[in-house]
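Each chain, written out:
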Amino acid sequence: MSGDLAFVGDVHLERDDPELEAFLAFLDRLCAGTRRIVLMGDLFNIWIGRRSVEQPHQRAVAAKLAELRAAGIHVRYVEGNRDYRIADAYCGSALDEAGDRGFSERWGGLRLFAIHGDLVNPRDRQYRTWRRLSRSAPLWGVFRALPRAAASRLADSLEQRMRTTNLRHKRAFPEQHVRDYAARHLERHDGVVLGHFHEERELTARPPSAPGRIFVLPDWKSSRRYLRVTAGGEIGFVDAPG
């Protein structure tokens, strides 16, 4: 194994986003020493696995990720709360793998479990109900049957609504919920990596949890930071190369 593993947190690119070019440049610079990239979800304000409703900013990023894959970099995508069935549309082109159940990574002698984190808080019942409904097979079947124009309008409406939903659970970092959630995975892993909360945190597990470390990624736009794991097993947050 050579090179680094990079975990990149929520980017939330949107249509006509002034940060698009900066993010594409970041991916280019990341190529130099990185062999695997795990995008931790919510790459866009909304991303739906139907290429016919793809927007220009999404097309640009998908093309860049395809370039990285062609250069030998493995790209994984952990679906977040703003992602809907990405694998069918993008695996094999922009992505090697995608899913919403998390991935286990082995790098530099470390065993890490990565998942977005939107299900960390069991008290967020409103979101949990919406998540089950919005990803259900019947609803997805209806969406895929819609004409492109109607599907695009629905996606735009959903994007606007997602900006203001369930703000009560976004005001404070739920540290104990994060610790409890991570404990379920630390029996088989050395660390757990989460996104979703837009706050850079590094926590050490406490008993009765199995020992290990918990990394919560900052959002990329405001921090320009990501989590790097070296081939030698060093792990920590670093500034984007630039």
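Just so we're clear, the structure is a prediction, and the values are computed from it rather than from any experiment. (Residues numbered from 1 in each chain as written. Predicted model: local features only at pLDDT ≥ 70, side-chain atom pairs only at ≥ 80, totals over all residues. Heavy atoms only, no water.)

(A) The sheet that holds strand β2 (residues 34-39), seen in detail. Taking strand neighbours across the sheet as the criterion, the six strands line up as β6-β4-β2-β1-β12-β13 in an open arrangement whose pairing is mixed. Here the strands that pair on one side only, and so sit at the sheet edges, are β6 (97-99) and β13 (235-239). The sheet shows a mean angle of 20 degrees between the axes of neighbouring strands, direction not considered. Note: strand β1 (residues 4-8) against β2, five bridges, orientation parallel. Considered in β2, the bridge of V8 is made with L39. (Pairing = 2+ DSSP bridges. Helix = DSSP H or I, 4+ residues; strand = E, 2+ residues; numbered from the N terminus. Axes fitted to C-alpha atoms, helices over the stretch in contact; angles between N-to-C directions.)

(B) How the structure looks around the environment of I235. Relative to the elements of secondary structure, I235 occurs in strand β13. Separated by 230 residues in the primary sequence, I235 and L5 place their C-alpha atoms 9.3 Å from one another. Discounting residues that sit within four places of it in the chain, I235 has contacts with L110, L112, R213, F215, L227, R228 and V229. (Contact = heavy atoms within 4.5 Å.)

(C) Fine view of the side chain of D83. Relative to the helices and strands, D83 resides in strand β5 (residues 83-84). At 6.4 Å, R135 is the nearest oppositely charged side chain to D83, a buried residue that forms no salt bridge. Side chain to side chain, D83 and Y77 meet in a polar contact 3.0 Å long. The residues contacting D83, other than those within four sequence positions of it, are G41, D42, L43, W47, Y77, V78 and R135. (Buried < 20%, exposed > 50% of the residue type's maximum accessible area, 1.4 Å probe, protein only. Lys, Arg positive; Asp, Glu negative; His and termini not counted. Salt bridge = Lys/Arg side-chain N within 4 Å of Asp/Glu carboxyl O. Polar contact = N/O pair within 3.5 Å; in protein donor to acceptor, adjacent residues only side chain to side chain.)

(D) Fine view of the nonpolar core. V8, F23, L43, V61, L65 and L95 are the most contacted members of the largest nonpolar core, which has 31 residues in total. Of all the elements in the fold, those that place two or more residues in this core are β1, α1 (20-30), β2, α2 (56-70), β4 (74-78) and α3 (87-90). Looking at this core, the element that brings in the most residues is α1, giving six residues. Beyond its immediate chain neighbours, meaning those up to four positions away, V61 contacts L13, L20, F23, L24, L43 and F44. Within the second largest apolar cluster, 17 residues are counted, among which are L5, F7, M40 and W107. (Core = buried A, V, L, I, M, F, W, Y, C linked by side-chain atoms within 4.5 Å.)

(E) View of the sheet that holds strand β8 (residues 110-115). Strands sit in the order β7-β8-β9-β11-β10 across an open sheet of five strands; the sheet is mixed. Since the sheet does not close on itself, it has two edges, and those belong to β7 (103-107) and β10 (201-204), each with one partner. Going from strand to strand, the sheet's axes swing by 20 degrees on average, the running direction of each strand aside. Alignment of β7 against β8, held across five bridges, turns out to be antiparallel. Bridging across to β8, F103 finds its partner in A114. Its contacts with the sheet place helix α7 (residues 175-186) against β8, β9 (191-194), β10 and β11 (213-216), and it is angled at close to 130 degrees to β9.

(F) The packing of α1 against α2, seen in detail. Across the interface, α1 lies against α2 with an axial gap of 10 Å and an inter-helix angle of 5 degrees. When the interaxial angle is binned, α1 and α2 end up roughly parallel. For the pair α1 and α2, contact is made by L20, F23, L24, L27 and D28 and by H57, A60, V61, K64, L65 and L68, respectively. In terms of residue class, the contact of α1 with α2 is built from eight nonpolar, one polar and two charged. (Parallel < 35°, antiparallel > 145°, perpendicular 65-115°, else oblique. Nonpolar A, V, L, I, M, F, W, Y, C, P; charged D, E, K, R; others polar.)

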